[in-house]
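Letter by letter, the chains look like this.
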Amino acid sequence: MTASSGTIRPSIKLSGQQGEPHKTLVEDSAAFADLVTWSFRSSATTEEDTADAVEQENRRNIANHAYRALHTLRTCPGLTADGTLDPVALRTWVMTARAELAARDRAEVGDVQIGQVLAFAPRDLDGLQVPEAVRDLLEEIDSSDLERGLSIGIYNKRGVTSRGLLDGGVQESELARSFREQAERARAWPRTRKLLKGLAELYEADARREDQEAERRHQGLE
C-alpha cells in the first residue's frame, strides 16, 4: 500500500519509536516519498476537498505524523555498518526518491526534503561540511531546490545556542569564516561552493544581529 493509493505503507510505523520510521526512510526511498506525499500537497492540486469531516481529520493526523517523522530524521541514506558513506547507495536512493516524487507531482518540495536529509551525510577526511559524494550529486542533478534544502538542513543542524549576554556574534563570525574557507576549497564543485558561500553570508548576517543585540544590552547596563 502506498500514499498514492490513499494509505500509508504498512512498513512505516508512524506511531512507534522514533528510530522505526527513520530506519525505513533511509533504506526505502519509496517510503520516504510516501511521507513527503502525505506531508505536502501536490503543486497541481486545486480541487476542493469533498471528503467528510472524519476523513479530513484522519488525513490531517496522518500528515502531521508524516511531517514529524520527516523533520526528526537525523541520518542519511547510503551509510554502511561502520558509518561511512557509500556513494553508489546514496545516489541510488536519491535518484529513486526523485523519480517517485516527480511521479507524484512533488518534485520541487521533494528535492527540498531530500536536500535536508543530505545535510546529515558524514564529513569526509577533508573536513568539508558537504562530503564528496553529495558534492558530486549536486553537480549532476543541478537543482536549486535540492541545494536550498541542503542549506536549510545544514543551518538547522546547529540547533539552539547559548552565550553570554554581551558575547555578541562571536560564534556566528567563526562559523562564517569556516564556511568561507570551505567554499574556497570546494572550487572543483561550483554548486557546493556557492552553497557554502551562501551559508557564510547567513552567519555573517546573524553575527551582525547578535553584535547589535549585545551592544543594546551593554548600553542598557551602563
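Per chain, the residues get numbers from 1 upward, laid out in the order the sequence is written. Only residues with pLDDT of at least 70 are given local features in this predicted model, and only at 80 or more are side-chain atom pairs given and counted; all residues enter the totals for whole chains, interfaces and linings. Side-chain measures here rest on the full set of heavy atoms in the structure, leaving out hydrogens and waters.

Draft legend 1. Representation of the overall build of the chain within the structure. Numbered from the N terminus, helices here are DSSP runs of H or I no shorter than four residues, and strands are runs of E no shorter than two. In terms of helices and strands, the chain carries nine helices and zero strands. Ordering the α and β elements of the chain from the N terminus gives α-α-α-α-α-α-α-α-α. Here the term buried applies to any residue with accessible area under 20% of the maximum for its type, exposed to any over 50%, and partly exposed to those in between, with areas from a 1.4 Å probe on protein chains only. By the burial criterion, 40% of the 222 residues in the chain qualify as buried. Here, Shrake-Rupley sampling with a 1.4 Å probe gives the accessible areas, and only protein chains in the shown set may cover a residue. Of the accessible surface of the chain, which amounts to about 12300 Å², a share of 50% is contributed by carbon and sulfur atoms.

Draft legend 2. How the structure looks around the layout of surface pockets. Any residue with an atom within 4 Å of a point lines the site, the site being either a cavity, points on a 1 Å grid over the protein atoms alone where a 1.4 Å probe fits but cannot get out, or a pocket, an open set with protein on both sides within 12 Å along at least 5 of 7 lines. Grid points are joined across faces, edges and corners, and a volume is the space filled by probe spheres set on the points. Roughly 210 Å³ of volume is contained in the second largest pocket. Lining the second largest pocket are Phe32, Leu70, His71, Leu73, Arg74, Gln113, Gln116, Val117, Phe120, Gly153, Asn156 and Lys157. Contributions of two or more residues to the lining of the second largest pocket are made by helix 3 (53-71), helix 5 (107-118) and helix 7 (144-157). Under the scheme applied, nonpolar residues are Ala, Val, Leu, Ile, Met, Phe, Trp, Tyr, Cys and Pro; charged residues are Asp, Glu, Lys and Arg; polar residues are all the others, including Gly. In terms of residue class, the lining of the second largest pocket is built from five nonpolar, five polar and two charged.

Draft legend 3. Expanded view of helix 6 (residues 132-141). Restricting attention to buried positions, one finds in helix 6 the residues Ala133, Val134, Arg135, Leu137, Leu138 and Ile141. Residue contacts are counted whenever heavy atoms from the two residues lie within 4.5 Å of one another. Those residues of helix 6 that are buried lie in contact with helix 4 (87-103), helix 5, helix 7 and helix 9 (190-221). Following helix 6 by one or two positions, Asp142 adopts a phi angle in the positive range, close to 55 degrees.

Draft legend 4. Region of the structure containing helix 2 (residues 29-39). Taking burial as the measure, the eleven residues of helix 2 include eleven buried ones, the bulk of the element. Residues of helix 2 that are buried: Ser29, Ala30, Ala31, Phe32, Ala33, Asp34, Leu35, Val36, Thr37, Trp38 and Ser39. Polar contact is the term for a pair of N or O atoms within 3.5 Å; when the atoms are in protein, one must be able to donate a hydrogen and the other to accept it, and sequence-neighboring residues count only if both atoms are side-chain atoms. The residue sitting at the N-terminus of helix 2 and contributing the capping side-chain oxygen is Asp28; that oxygen lies 3.0 Å from the backbone nitrogen of Ala30.

Draft legend 5. Examining the packing of aromatic side chains more closely. The pairing test for Phe, Tyr and Trp rings, Trp by its six-membered ring, is centres within 6.5 Å, and the orientation test on the planes gives stacked under 30 degrees, edge-to-face over 60, and tilted for anything in between. Considering all chains together, one arrives at four aromatic pairs under this definition. In textbook terms, an aromatic cluster arises when at least three aromatic residues are bridged by ring pairs, as seen for Tyr155, Phe179 and Tyr203. For a ring to carry a charge above it, either NZ of a lysine or CZ of an arginine must fall within 6 Å of the ring centroid while also lying within 35 degrees of the normal to the ring plane. The ring of Trp189 is capped by Arg135, whose NZ or CZ atom sits 4.5 Å from the centre of that ring.

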